[in-house]
Amino acid sequence: MRYLKVCLALAVMLLAALYFMRPKETETEPQPEAEEPQTEEIRVGIEVLRERGFDILRGKRVGLITNPTGVDRQLRSTIDILNEAPEVNLVALFGPEHGVRGDQHAGEGLGDVRDAHTGLPVRSLYGSTCKPTPAMLRDVDVLVYDIQDIGCRSFTFVSTMGLAMEAAAEQGKEFVVLDRPNPLGGVKVEGCLVEPDCRSFVSQFAIPYVYGLTCGELALLLNGEGMLKSGVKCALTVIPMEGWHRSMTYSDTGLQWIPPSPHIPQPASAIGYPMSGILGEFNYLNIGVGYTLPFQMFAASWLDADMLAQRLNGLDVPGVVFRPIHAKPFYGGMAGKQVAGVQVHISDYERAPLTDIQFLVAQEIASMYPKRALFKVVNSKRFGMFDRVCGSHQIRERFARQHRWDDVRDYWYKDADEFRQRSQKYHLYE
């Protein structure tokens, strides 16, 4: 009995001690709950236009330049949105490279056909006719452009838009751009301006290789700077996005990615395109096209992957890491062959110089294998295309002397700062 009384007394003392040791309510203020970060929803041009009731298209015959990337947030095609809107009289479709429905391979021409879904006539803007003819625009009052670009000059949609603007100006038609994000963001500017003797469908206008503008901003620049043929200007309207900012890459937008071409299946492929696309003009290395990493690797059957990665990482390229890779492409010129090389990993996108990478790869390979230096082994018949993609003969001629990027860098970047300043007045976004 005495033992139980002692235990009970000890329990009471312990409870009393815990009571007086508890934190007093007045000693700490209640902490507010952590707020969830707010992400502003981005609305692309077609969504903004729809919210406006298609005001600028009412009472007009509309021609639409688009492809599978022209969709709203719910992935509804701009074709269907305009075709079903009572306020809009959609009368014709115009197809860029790969076609309105994305069923044409790169380089294939597209004849004039009828769209199986809507019955509307489809006019080809790739192949023998890259610019709308007067006959194509006879029954059109306004051309609407809605295509997701990748922010790189040699991707042909840039040329399609500019040439269609020229045709609209010459035929007295209105032109409307439904804006979309630049997957590379709105800050990077890399590459020299296209020089007159290198103008082509892959370098139609005097802009840098990476130009740091949305398609709507680029349209404003082409129009405002007199870059269209004979300095003509079209009656241009841009429907801006809502919620997009210049520092965003596509992965920051929260939007679904629709491949603008078969070789750009993911946003990472769009970032890879300016890293390797120029070198890809030669069948010199596999750049991931024909494998699962299009535009994100450099490989060949004769390369030492570890040595190449070590040499490239030794250059301390800002924001870039090179990792050895071994692969077997499943189609293309190296299909079925075991290849080795490097995969490019972007560790700091803001600092990474995208277009430098392919030239640095060619530089290190030339040092490792002098007899396999790029311009000692590639087919000279491809030099013309290489120059047109670069926008200048000087890039090839300077690099070919010693295969050193230092011999080219200043020329490659000679126009970047001036263009960056000049283009700011056409910015639509912070």
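Residues numbered from 1 in each chain as written. Predicted model: local features only at pLDDT ≥ 70, side-chain atom pairs only at ≥ 80, totals over all residues. Heavy atoms only, no water.

Engineer: Would you mind showing me how to read the pattern of salt bridges here?
Structural biologist: Side chains bearing opposite charge may pair, as long as their charged atoms lie close to each other. A full pass over the atoms with the stated rule returns 24 salt bridges. A salt bridge links glutamate 225 to lysine 425; the shortest N-O distance between them is 3.3 Å. In this pair, glutamate 225 is assigned in the loop between helix H6 (215-224) and strand S7 (235-239) and lysine 425 in the segment after helix H14 (416-423), connecting sequence segments 200 residues apart. On the basis of relative accessibility, which here comes to 61%, the residue lysine 425 falls in the exposed class. With a closest N to O distance of 2.8 Å, arginine 420 and aspartate 417 form a salt bridge. Here arginine 420 pairs with aspartate 417, and both are found in helix H14, just three residues apart, close to one helical turn. One network of salt bridges, in which partners are shared, links Glu225, Glu418, Arg422 and Lys425. (Salt bridge = Lys/Arg side-chain N within 4 Å of Asp/Glu carboxyl O. Helix = DSSP H or I, 4+ residues; strand = E, 2+ residues; numbered from the N terminus. Buried < 20%, exposed > 50% of the residue type's maximum accessible area, 1.4 Å probe, protein only.)

Engineer: How should I be thinking about unusual backbone geometry in this particular structure?
Structural biologist: When glycine is set aside, most residues are seen to have a negative phi, and most peptide bonds are trans. Phi angles above zero are rare outside glycine, and histidine 98 is one such case at about 80 degrees. Classification of histidine 98 by relative accessible area gives buried; the value is 7%.

Engineer: Any chance you could explain helix H7 (residues 267-276) here in plain terms?
Structural biologist: Because each turn of an α-helix spans 3.6 residues, side chains separated by three or four positions end up pointing in the same direction. With nine of its 10 residues buried, H7 lies for the most part within the structure. Within H7, the full set of buried residues consists of Pro267, Ser269, Ala270, Ile271, Gly272, Tyr273, Pro274, Met275 and Ser276. Buried residues along H7 sit against strand S8 (297-300), strand S10 (339-346) and helix H9 (356-368). (Contact = heavy atoms within 4.5 Å.)

Engineer: Could you clarify how one ought to interpret the sheet that holds strand S5 (residues 142-146) in this entry?
Structural biologist: The strands that make up a sheet pair up through hydrogen bonds in the backbone, lying either parallel or antiparallel. What the seven strands build is an open sheet, ordered S3-S4-S2-S1-S5-S6-S7; its pairing is mixed. Taken across any chain shown, the strands that pair with only one partner, and hence form the sheet edges, are strand S3 (113-114) and S7. Bridge analysis of S5 against strand S6 (residues 174-178) gives four bridges, and the strand direction is parallel. Counterpart to valine 144 in the pairing with S6 is valine 176. Relative to the sheet, helix H5 (residues 157-171) contacts strand S1 (61-66), S5, S6 and S7, its axis offset from that of S6 by approximately 155 degrees. The strands touched by H6 are S5, S6 and S7; relative to S7, the strand with the most contacts, the crossing angle is about 160 degrees. (Pairing = 2+ DSSP bridges. Axes fitted to C-alpha atoms, helices over the stretch in contact; angles between N-to-C directions.)

Engineer: Even after reading the chapter, I still don't get the packing of H5 against H6, so can you show me in this structure?
Structural biologist: The geometry of a pair of packed helices is captured by two quantities: the angle between their axes and the separation between those axes. Running from N to C, H5 and H6 point in directions that differ by 45 degrees, and their axes come no closer than 11 Å. Here H5 is positioned oblique relative to H6, judged by the angle of their axes. The crossing of H5 and H6 is right-handed. Contacts between H5 and H6 involve Val158, Met161, Gly162 and Met165 on the former and, on the latter, Cys215, Leu218, Ala219, Leu222 and Asn223. For the contact of H5 with H6, the residue count by class is seven nonpolar, two polar and no charged. (Parallel < 35°, antiparallel > 145°, perpendicular 65-115°, else oblique. Left-handed = near helix turned anticlockwise from the far one by under 90°. Nonpolar A, V, L, I, M, F, W, Y, C, P; charged D, E, K, R; others polar.)

Engineer: Mind showing me how you'd approach the nonpolar core here?
Structural biologist: The nonpolar side chains of soluble globular proteins are, as a tendency, buried together. If you look at the biggest cluster of nonpolar residues, it comprises 124 residues, and the most contacted ones within it are Met161 and Phe175. Residues within four places of phenylalanine 175 in sequence aside, it is in contact with Ile65, Val142, Leu143, Tyr145, Met161, Ala164, Met165, Ala168, Cys234, Ala235, Leu236 and Thr237. Listed in part, the seven residues of the second largest apolar core include Met297, Ile325, Met334 and Val339. (Core = buried A, V, L, I, M, F, W, Y, C linked by side-chain atoms within 4.5 Å.)

Engineer: Any chance you could explain the pairing of S7 here in plain terms?
Structural biologist: On any regular strand, side chains alternate: one points to one face of the sheet, the next to the other face. As paired strands, S6 and S7 are joined by five bridges and run parallel to one another. Bridge pairing in S7 places glutamate 174 opposite alanine 235. Handedness of the crossover joining S6 and S7 through H6 is recorded here as right-handed. (Right-handed = clockwise from strand over helix to strand, strands pointing away.)

Engineer: Would you take a moment to explain the environment of leucine 64 for this structure?
Structural biologist: The topology assignment puts leucine 64 in strand S1. A residue is classified by how much of its surface remains accessible, and leucine 64, at 0% relative accessible area, is buried. Placed 76 residues apart in sequence, leucine 64 and valine 140 show a C-alpha to C-alpha distance of 9.7 Å. When neighbours within four sequence positions are excluded, leucine 64 is seen to be in contact with Thr78, Ile79, Leu82, Leu90, Ala92, Leu93, Phe94 and Val144.

Engineer: For this particular structure, what's the right way to read the packing of helix H8 (residues 305-313) against H9?
Structural biologist: In the contact formed by H8 and H9, the axes pass within 10 Å of each other and the chain directions differ by 120 degrees. As judged from the angle between their axes, H8 and H9 are oblique. When you trace H8 past H9, the crossing you get is right-handed. Of H9, the residues touching H8 (which contributes Met307, Leu308, Arg311 and Leu312) are Leu360, Val361, Glu364, Ile365, Ser367 and Met368. Across the contact of H8 with H9, the residue classes break down as seven nonpolar, one polar and two charged.

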